[in-house]
Amino acid sequence: MALAPTFQLRSGARLPLLGLGTWPLNDDEAAATVERAISAGYRLIDTAENYRNEKGVGEGVRRSGIPREELFITTKFNREHHSVDGVRRAFETSARLLGVDYVDLLLVHWPNAGQGRHVEAVQGIAALMDEGLVRAIGTSNYKPSHLQDVIDAGIVPDVNQIQLDPQRPRIVDRAFHDEHGIVTESWSPLGQGSGLLDEPAVRGHRGSPWDDSRPGGAALARAAGPRRHPEVLASRAPRAEPRRLRLRALGGGRGKPLPAGEPGGRDRRFGRVRPLTGVAGATRACCPPPP
Ligand SMILES: NC(=O)c1ccc[n+]([C@@H]2O[C@H](COP(=O)([O-])OP(=O)(O)OC[C@H]3O[C@@H](n4cnc5c(N)ncnc54)[C@H](OP(=O)(O)O)[C@@H]3O)[C@@H](O)[C@H]2O)c1
């Protein structure tokens, strides 16, 4: 059975480099999908308070029969919990629904920086980590300026989970993460099942865009259908360099072109960066509203 390789986080916990995303599965779907995915070799499972499926995820974990310590369970909390006490309450609810004693990675789902409590939220996770209830500190959708605020308060998160795919290479964010030893974890790495997977540069490597879009990072892909689980897991194999370059070139397809020489920017070998065709991502509902 293929297992994703793991990477040691600052905290010492080992993060599998490919995980199963569970949004927008409901409890029943999550239970069935998580059970199947674990038996196919997934060990990282990603959920959130906002997905309202933590109970189903916990059920899938139990049905899998795999010992808890071999799994890496991730969840996230909403903005109303952005205080040290609030994070504790959020953790207790999530842990009860999931049926676990500890969470491997707990993330602030969105910074909601307008509230001015994006640092306090991370301090709440750090307090839980001190007690062994959480094994690694996570943020999600934090921009470099938000992360800098956290770092200035004396905490460096282990992981920042952001939207990242070959079309959105997030060069600036990743450079900041690398500089501070924060692991980049991609959400929606397959472009949410949009036309990205039919791009010529990606075709034949279905399930693999995540691999090429985030060297050194981790990715969460959702494949509800059991046939795709082994396919996605097997896609971690290294890619030939020309294909890598073409995939990076897709990154210039939306928004301002990136400078020449940067991944996703213009590339001498492939000429002008061309826009992606048929990508429905801009109009699709991608995720629940920021909690
Ligand atoms: N932190 C955040 O704010 C945030 C936001 C959004 C998402 N996320 C997390 O990231 C996870 C992944 O994102 P996502 O689910 O939006 O998008 P995604 O993983 O990029 O794409 C999922 C879509 O790709 C399809 N798919 C999967 N493997 C495939 C393959 N080998 N060939 C063809 N199609 C394939 C899936 O179809 P089937 O399901 O039919 O197999 C599904 O429609 C979420 O589930 C969630 O856990 C986090």
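To keep things clear, this report deals only with the structure shown in the data block.

The rules behind these values
- Residues numbered from 1 in each chain as written.
- Predicted model: local features only at pLDDT ≥ 70, side-chain atom pairs only at ≥ 80, totals over all residues.
- Core = buried A, V, L, I, M, F, W, Y, C linked by C-beta atoms within 7 Å.
- Buried ≥ 20, exposed ≤ 12 C-beta atoms within 10 Å, placed from the backbone.
- Contact = placed C-beta atoms within 7 Å.
- Near = placed C-beta within 6 Å.
- Helix = DSSP H or I, 4+ residues; strand = E, 2+ residues; numbered from the N terminus.
- Nonpolar A, V, L, I, M, F, W, Y, C, P; charged D, E, K, R; others polar.
- Pairing = 2+ DSSP bridges.
- Right-handed = clockwise from strand over helix to strand, strands pointing away.
- Axes fitted to C-alpha atoms, helices over the stretch in contact; angles between N-to-C directions.

Right, let's talk about the nonpolar core for a bit. Membership of the largest hydrophobic core comes to 59 residues, with the highest contact counts inside it found for Val34, Ile45, Phe91, Val103, Leu106, Ile125 and Val134. Apart from residues no more than four positions distant in its own chain, Val103 is found in contact with Ile73, Thr75, Phe91, Ser94, Ala95 and Val134.

Our focus in this paragraph is the site of the ligand. The ligand sits among 27 residues. The nearest are Gly21, Trp187, Leu190, Gly193 and Arg222. Broken down by secondary-structure element, the contributors of at least two residues to the shell around the ligand are β10 (218–221) and α8 (228–234). If you tally residues by element for the shell around the ligand, the top one is α8, at 3 residues. Counted by class, the shell around the ligand contains 11 nonpolar, 11 polar and 5 charged residues.

Further remarks concern the environment of Trp23. By the secondary structure assignment, Trp23 is in the loop between β3 (18–21) and α1 (27–40). Considering only alpha carbons, one finds Trp23 and Ala221, 198 residues apart in sequence, at a separation of 9.9 Å.

Before going further, it helps to spend a moment on unusual backbone geometry. Glycine aside, a negative phi is what most residues show, and trans is what most peptide bonds show. Omega for the bond connecting Trp23 with Pro24 falls within 30 degrees of zero, at 5°, which places this linkage in the cis form. Residues other than glycine seldom take positive phi values, yet Ser188 does so here, at roughly 50°. What makes Ser188 buried here is the crowd of 25 C-beta atoms within 10 Å.

Burial analysis of strand β8 (residues 159–163) places 4 of its 5 residues in the buried class, which makes it a mostly covered element. Direction of pairing for strand β7 (residues 137–140) relative to β8: parallel, over a ladder of 3 bridges. Looking at the pairing, Ser140 lines up with Gln161 of β8. Since β7 and β8 lie parallel, the crossover through helix α5 (residues 144–152) that links them has a hand, and here it is right-handed. Direction of pairing for β8 relative to strand β9 (residues 183–187): parallel, over a ladder of 5 bridges. Paired with Gln163 across the bridge in β9 is Trp187.

Pairing is parallel around the closed barrel formed by 8 strands, whose spatial order is β3-β4-β5-β6-β7-β8-β9-β10. In this sheet, adjacent strand axes meet at a mean angle of 25° when their direction is disregarded. In this structure, β3 lies alongside strand β4 (residues 44–46), joined through 3 bridges in parallel fashion. When the bridges of β4 are listed, Leu20 appears paired with Ile45.

That's the geometry; what it means functionally is another story.
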